[in-house]
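Structure assessment
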Amino acid sequence: MSPTVDEPTVPADQLAREVARRRTFAIISHPDAGKTTLTEKLLLYAGAIELAGAVRGNKSQRHAASDWMEIEQQRGISISTAALEFELEGCHVTLLDTPGHQDFSEDTFRTLLAVDSVVMVLDAAKGVEPQTMKLFEVCRSHGLPVLTFINKLDQPALDPFELLDQIERVLGLAAAPMNWPLGDGPDFRGVYDLESNSILFYERQEKRGRRTAPVAVASPSDPAVETLIGERRQRELIDSVAIIAGAGTRFDADAYRHARQTPVFFGSAINDFGVEPFLRGLLTLAPPPAPRMAGADIVSPTDRDFSGFVFKVQANMNPRHRDRVAFVRICSGRLQKDMQVVNPRLESGLRLSRVYRFFGRDRETVPEAFPGDVVGVVIPGRIAIGDTLCAGRRVVFPPIEQFPPEQFAYLRPSEGRHKRFDDAVAQLAEEGLLQVFMPTLGVRHPIIGVIGSLQLDVIAARMSSEYGIPCTVDRLPHVAARWPMAPVAQLQLPLSGVVQATDRLGREALVFESDWVLRYTIEKNPLVEFRSSM
Ligand code: G4P
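Below, the structure is looked at part by part. Residue numbers run consecutively from 1 along every chain, following the written order of its sequence. Owing to the predicted nature of the model, reporting of local features is limited to residues with pLDDT of at least 70; listing and counting of side-chain atom pairs is limited to 80 or more, with chain, interface and lining totals taken over all residues. Only hydrogens and water are set aside; all other atoms, that is, all heavy atoms of the structure, feed into the side-chain values.

1. Some thoughts on the nonpolar core
Rules: The nonpolar core is taken to be a set of buried Ala, Val, Leu, Ile, Met, Phe, Trp, Tyr and Cys residues, with the residues joined through side-chain atoms within 4.5 Å. Working definition: with a 1.4 Å probe on protein chains only, accessible area under 20% of the residue-type maximum means buried, over 50% means exposed, and in between means partly exposed. Helix and strand assignments follow DSSP, with helices taken as H or I runs no shorter than four residues and strands as E runs no shorter than two, numbered in order from the N terminus. Note that the domain bounds were set by an automatic or database domain assignment. We call two residues in contact whenever any of their non-hydrogen atoms come within 4.5 Å of each other.
In terms of nonpolar packing, the biggest core is built from 81 residues, with Leu112, Leu335, Leu352 and Val375 touching the most fellow members. At 6 residues, the largest contribution of residues to this core is made by strand 15 (residues 324–332). When residues of this core are assigned to domains, at least three fall in each of domain 1 (24–285) and domain 2 (292–390). Excluding anything up to four places from it in sequence, Leu112 contacts Ala26, Ile28, Val118, Leu135, Val138, Cys139, His142 and Leu144. Within the second largest apolar cluster, 28 residues are counted, among which are Ala46, Phe86, Cys91 and Leu282.

2. Concerning the site of the ligand
Convention followed: Here a residue counts as near a molecule or strand whenever at least one of its heavy atoms sits within 4 Å of it. Here a polar contact is taken to be a pair of N or O atoms separated by no more than 3.5 Å, where protein atoms must pair a possible hydrogen donor with a possible acceptor and residues adjacent in sequence count only if both atoms sit in side chains. A 1.4 Å probe and the Shrake-Rupley method give the accessible areas. Residues count as covered only by the protein chains that appear here.
The environment of the ligand is made up of 20 residues, and the closest members are Asp32, Thr36, Thr37, Asp154 and Ser268. Taking Asp32, its main chain carries an N or O atom lying 2.7 Å from an oxygen atom of the ligand. Contact between the ligand and Lys152: an oxygen atom at 3.1 Å from a side-chain N or O atom of the residue. For the ligand, whose unbound accessible area comes to 710 Å², protein coverage reaches 77%.

3. Re the sheet that holds strand 6 (residues 174–177)
Rules: Paired strands are those between which DSSP finds at least two bridges. For helices, the fitted axis covers only the stretch in contact; all axes are lines through C-alpha atoms, and the angles between them, taken along N-to-C directions, range from 0 to 180 degrees.
Taking strand neighbours across the sheet as the criterion, the 7 strands line up as 2-3-1-4-5-11-6 in an open arrangement whose pairing is mixed. In the strand order of this sheet, the two ends are held by strand 2 (83–88) and strand 6, each with one partner. If you compare each strand with its neighbour and ignore which way they point, the axes differ by 30 degrees on average. Direction of pairing for strand 1 (residues 22–29) relative to strand 3 (residues 91–96): parallel, over a ladder of 5 bridges. Across the sheet, residue Thr24 finds its bridge partner in strand 3, namely Thr94.

4. Here we look at the packing of helix 4 (residues 105–113) against helix 5 (residues 130–142)
Note the cut-off: Roughly parallel here means an angle under 35 degrees, roughly antiparallel means over 145, roughly perpendicular means 65 to 115, and every remaining angle is called oblique. The sense of a crossing depends on the near helix, which, turned anticlockwise from the far helix by less than a right angle, makes the crossing left-handed and, turned clockwise, makes it right-handed. As a working rule, the residues Ala, Val, Leu, Ile, Met, Phe, Trp, Tyr, Cys and Pro are called nonpolar, Asp, Glu, Lys and Arg charged, and the rest polar, with Gly in that last group.
Running from N to C, helix 4 and helix 5 cross one another at 30 degrees; their axes reach a closest spacing of 10 Å. Comparing their axes, helix 5 and helix 4 come out roughly parallel. Crossing of helix 4 over helix 5 shows right-handed handedness. Seen from helix 4, the contacting residues are Thr108, Phe109, Leu112 and Leu113; seen from helix 5, they are Leu135, Val138, Cys139 and His142. Here the contact of helix 4 with helix 5 is composed, by residue class, of 6 nonpolar, 2 polar and no charged.

This is the structure:
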């Protein structure tokens, strides 16, 4: 007899143990700060990949493990989101890859809903950059704890106090240094660990394998420090440590976990310097899965009933397996292969017979998974971003809001009609790659709405390569879509400049040609709310 997989059979102590050792995080950064390089080094430490370059090669020949779409390779950018998992020092770590390109920031936004903490990478020469600020705002809105890695100390850098000050001023987050850089650029000698009072000497990457262990000292004023780094640097270190002790932010685990403070580590990812202490910091400081709200219910990870939500849907991830994968973040209980779950939105049950863990293009069957884990479930029927899957107690996690689209285009098959066209567009909409607006008058070609124009290229490429439907994308001048909270027939609309349409779920929507037309419509209908997302 097959085991009864829809019963909460997991022993409570085993579940608690598994939850406690989970660390699920994502890395955010401004492009070029070193996110990919740091990811690669972390995975190397964990033994999850064998060779440098498995996550990325140099830009001319990248075959990233988290980088499976052909278009990504052609353009040398990472636009998909994948989960990478590894075991290290008793912890089960899941790293969710976030796309670097800002046209895919909606994907990043959703990914950040699925993690328990975040690593922020800054370039030491540039500090807090615009994309860092945008992504940090999302972290703040989700209350996510943030660890900071200040990268590229091997190059001329801003003063470390200036960098900490930027984090505090620009991001409004207290910054607590965990180690302190000894010089920068050609003058970079290493870091002083403020907690263990030890010096980690900098060696360039060529010397890897012969790395000397950190040297313990009594304090910055220990005479041994002068022998190690010279008198001038020792004086600078004594002064800096005195300032940190007097006026700086001291590390406070509680403040970090409540997203009021970020512990800051300095290093150089490309030279594999400072990565190991950072990874150790991550394992010890980053929080395990926490309870989540599902409407009025609190779902604790140690609740024995399984629950999770879909934060990403991707069709045809692997040309060898033409199927749709829903990426599920597990929030409570234990997921077991073949278990029976419910999707409350569809009021339908489904058996999780094909559950996978992905490593870039590769997949592996998962017999069981725990809160914090991200698994890919192959779903034969319909599933959309934001759907809850649960067994036993019925819970519904909050819907995942879509970003208001900013660019619009007509999408149509290049040659005549195509009977699978509507289905293909619907699938891409369920993945969250586009929003569909079907005009109710005139031309009956769908208008698609996206955030960034790169998405339009991806849509055309995928329609052709995955569905065999070459498409024409005719860009429209339209600037915004709104969902009126009153029937369109009752609205006063301008004579031109607005397209009446229905969205993927049949709800009435309007697509505006200019901000002026949008403002006019809002002014003419003062009692009606026009929502920018649904
Ligand atoms: P991203 O994912 O945040 O966009 O950054 P990525 O890791 O791709 O790094 C951007 C560039 O910065 C790369 O150089 C990378 O080699 C370099 N880099 C990363 N960490 C360090 C560091 O600690 N020190 C120095 N000096 N450079 C670093 P590139 O020339 O743009 O690409 P490539 O030809 O090396 O692939």
